[in-house]
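Below are the chains, spelled out letter by letter.
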Amino acid sequence: MSNRRTFAIISHPDAGKTTLTEKLLLQGGAIHLAGEVKARGAARRARSDWMKIEQQRGISVTSSVMTFQKDGTVFNLLDTPGHEDFSEDTYRTLTAVDSAIMVIDAAKGIEPQTRKLFEVCRMRSVPIITFVNKVDREGRPVFETLDEVADALALDVAPMSWPVGMGGIFEGVYDFASETIARPEGDSREFLGKRDPAAGAIPDEFLEEIELGREGYPQFDLAAYRHGDLTPVYFGSALKNFGVAELIAAIDRYAPPPRPQASDQGTIDPSRADVTGFVFKVQANMDPQHRDRIAFMRMVSGTFKRGMKLTPSGLGKPIAVHSPILFFAQDREIADSAEAGDIIGIPNHGTLRVGDTLSERNDVRFTGLPNFAPEILRRVVLKDPTKTKQLRKALDDLSEEGVIQVFYPEIGSQWIVGVVGQLQLDVLISRLEAEYKVEAVLEPSPFDTARWLKGTSEALRSFADFNLSNLAKDRDGDPVFMARSAWDVSYQQERNPELTFSATKER
Ligand code: G4P
């Protein structure tokens, strides 16, 4: 069986994702990087600093994918941007993982962003391990947290461990399987590895609670977890490095190896011999002098060797991949080989796009990498009207990267950009100025949402006859219905049953 585990951490800002990432990398032997991850996480939260930091770093690939090894297992941790705001980047990254860790603050429970990210995972039946963080601080009662996860997410919960007290009376974490308690030690109460067999080691008041916990919830069931119906729950403190080793062991033991991927040729199994993969993210060099990009390819099958020729579905002719990038956390390493589940970075000049399939034999197209219906639409208005050509180029480029979506209305010259989070708009404006020397402002758009249209050319034509002012083309020239409201969408849907109005666009 494959020794790859490719996963992401989902959480609400401040729940402890950065701290946990740091500790995972520490345990995976990437010690000197740990401090940097932290600094980055804190910096990332400061929105105004964001562009500057990205610029200083150039291509910020090292934090996008972090690979570490432990006991023969290779862990690929894919970073999802830590902003309050959502971006398509976040959604798409989740299409490239096989499982996720959901980090919850013990005092706060399920927060809005946790829930949103969880829904994306559920859409694809991505199995989830829950880590209830910050048990070294006063938190909510354990039962309350577990019940909230179960109710809010409609998921079975199987506690794998139980905190013995929290905050000031924190005694350690009891592990159900081994029936031992891991205790904090020393002045800093860092976990130093001391374990007591449980008998006699736990104050009576907690024994009862633990017993109730063990009996009150479902037992862990591997099939139910892998199916996305049950989440094993671990308790710990990322800050105090408590419960992190158990978490790694759980990913190693339970998290699924690389999954088969849906394609136009049926599902492609990771055991297939020749190389296939798909691009889930494209990142431009922030240095305006360089138009280089890194395309992140998730390997679906085969063994990649440096110099190999792969054919991108969008291009039709093969490219030789001479300097692919692997992401071992200590360093960015040039890949010599990679396997199903791994991520490789492929430098290119804009030939590779999000959603592209790459394959040795050019005989397959992966499906199910959606564009999401934008939640915010804005008209782009140029300050200098002579810059139309530059603007068009910029919008095309940036939509290719997945920073924004762009819609070119059939009538009029006011181009519309769509995003799922406000931050994407900030990024758009600064990048237009910095990289394309285009000054633009964003104005409210008459439209509220967009739907991709599908149907026979005849049906599309007759729809257009009546609705031309609501039609646009996306970057690929595909027809999009621009709606003034959700009501508008359902009204048109009802009147035009021969057309499908889709909130996502699969490439
Ligand atoms: P994020 O990436 O999910 O946004 O969260 P991050 O790891 O940056 O953690 C947010 C805050 O919570 C940080 O405090 C961090 O130190 C703290 N934290 C993380 N894990 C634990 C834990 O297990 N126990 C406790 N008590 N605190 C934890 P901060 O004050 O915002 O930042 P800093 O000044 O400590 O860097």
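Residues numbered from 1 in each chain as written. Predicted model: local features only at pLDDT ≥ 70, side-chain atom pairs only at ≥ 80, totals over all residues.

### Comments concerning the packing of helix α1 (residues 17-27) against helix α9 (residues 244-254)
Stated formally: The axes are straight lines fitted to the C-alpha atoms, using for helices just the contacting stretch, and the angles between their N-to-C directions are given from 0 to 180°. Going along the chain from the N terminus, every DSSP run of H or I of four or more residues is numbered as a helix, and every run of E of two or more is numbered as a strand. To sort the angles, those under 35 degrees are grouped as roughly parallel, those over 145 as roughly antiparallel, those from 65 to 115 as roughly perpendicular, and the leftovers as oblique. Whether two residues are in contact is decided by their C-beta atoms, placed from the backbone, lying within 7 Å. Any residue outside Ala, Val, Leu, Ile, Met, Phe, Trp, Tyr, Cys, Pro, Asp, Glu, Lys and Arg is labelled polar, Gly included; the first ten of those are nonpolar and the last four are charged.
At a closest axis distance of 10 Å, the pairing of α1 and α9 adopts a crossing angle of 75 degrees. One element, α1, and the other, α9, form an angle in the roughly perpendicular class. Only Val244, Ala245 and Ile248 of α9 make contact with α1, whose side of the interface consists of Lys23, Leu24 and Gln27. Broken down by class, the residue content of the contact of α1 with α9 amounts to four nonpolar, one polar and one charged.

### Notes on the sheet that holds strand β3 (residues 73-78)
This is how the line gets drawn: Think of it this way: DSSP has to see at least two bridges between two strands before they count as a pair.
With mixed pairing, seven strands are arranged side by side in an open sheet as β2-β3-β1-β4-β5-β11-β6. In this open sheet, the two edge strands, each paired with only one partner strand, are β2 (65-70) and β6 (156-159). Ignoring strand direction, the axes of neighbouring strands in this sheet form an average angle of 30 degrees. Here helix α5 (residues 112-123) sits on the sheet and contacts β1 (4-11), β4 (99-105) and β5 (128-133); the angle it forms with β1, its principal contact strand, is near 145 degrees. On the sheet, helix α6 (residues 142-153) packs against β4, β5, β6 and β11 (230-235) and is oriented at approximately 150 degrees with respect to β6.

### Thoughts on the site of the ligand
Here is the rule: As used in this record, a residue near a molecule or strand is one whose C-beta atom, placed from the backbone, is within 6 Å of it.
Around the ligand, a shell composed of 18 residues is seen, among which Gly16, Thr18, Thr19, Ser237 and Leu239 lie nearest. Broken down by secondary-structure element, the contributors of at least two residues to the shell around the ligand are α1 and α2 (34-45). The leading source of residues in the shell around the ligand is α1, at three residues. For the shell around the ligand, the class distribution of residues is five nonpolar, eight polar and five charged.

### What about the sheet that holds strand β24 (residues 405-409)?
Taken in spatial order, the eight strands line up as β26-β23-β25-β24-β28-β29-β27-β30 in an open sheet, and their pairing is antiparallel. On the outer flanks of this sheet lie β26 (440-444) and β30 (500-502), each paired with one strand and no other. Within the sheet, the average angular offset between the axes of one strand and its neighbour, ignoring direction, is 40 degrees.

### What to know about helix α11 (residues 422-436)
What counts here: By this rule, a helix spans an expected 1.5 Å times one less than how many residues it contains. To sort residues by exposure, count the other C-beta atoms lying within 10 Å of each residue's C-beta; 20 or more gives buried, 12 or fewer gives exposed, and values between give partly exposed, all with C-beta atoms placed from the backbone.
Here α11 is 15 residues long and its end C-alpha atoms lie 21 Å apart, about the 21 Å a rise of 1.5 Å per residue gives. Of the positions making up α11, those classed as buried are Gln424, Val427, Leu428, Arg431 and Leu432. Contact partners of the buried residues in α11: α10 (388-401), β25 (416-419) and β26. Positive phi shows up at lysine 437, right after α11, with a value of about 55 degrees.

### Observations regarding the environment of valine 149
For valine 149, the location among the structural elements is in helix α6. Setting aside anything within four residues of it in sequence, one finds valine 149 in contact with Ile110, Thr130, Leu155, Val157 and Thr231.

### Topic: the pairing of strand β12 (residues 276-284)
On a regular strand, each side chain points to the face opposite its neighbour's, so the side chains alternate between the two faces of the sheet. β12 sits mainly inside the fold: nine of its nine residues count as buried. Relative to strand β21 (residues 357-359), β12 runs antiparallel, the two sharing three bridges. If you follow threonine 276 over to β21, its bridge partner there is serine 359. One ladder, built from eight bridges, connects β12 with strand β13 (residues 293-301); its direction is antiparallel. What sits directly across from phenylalanine 278, in β13, is arginine 298.

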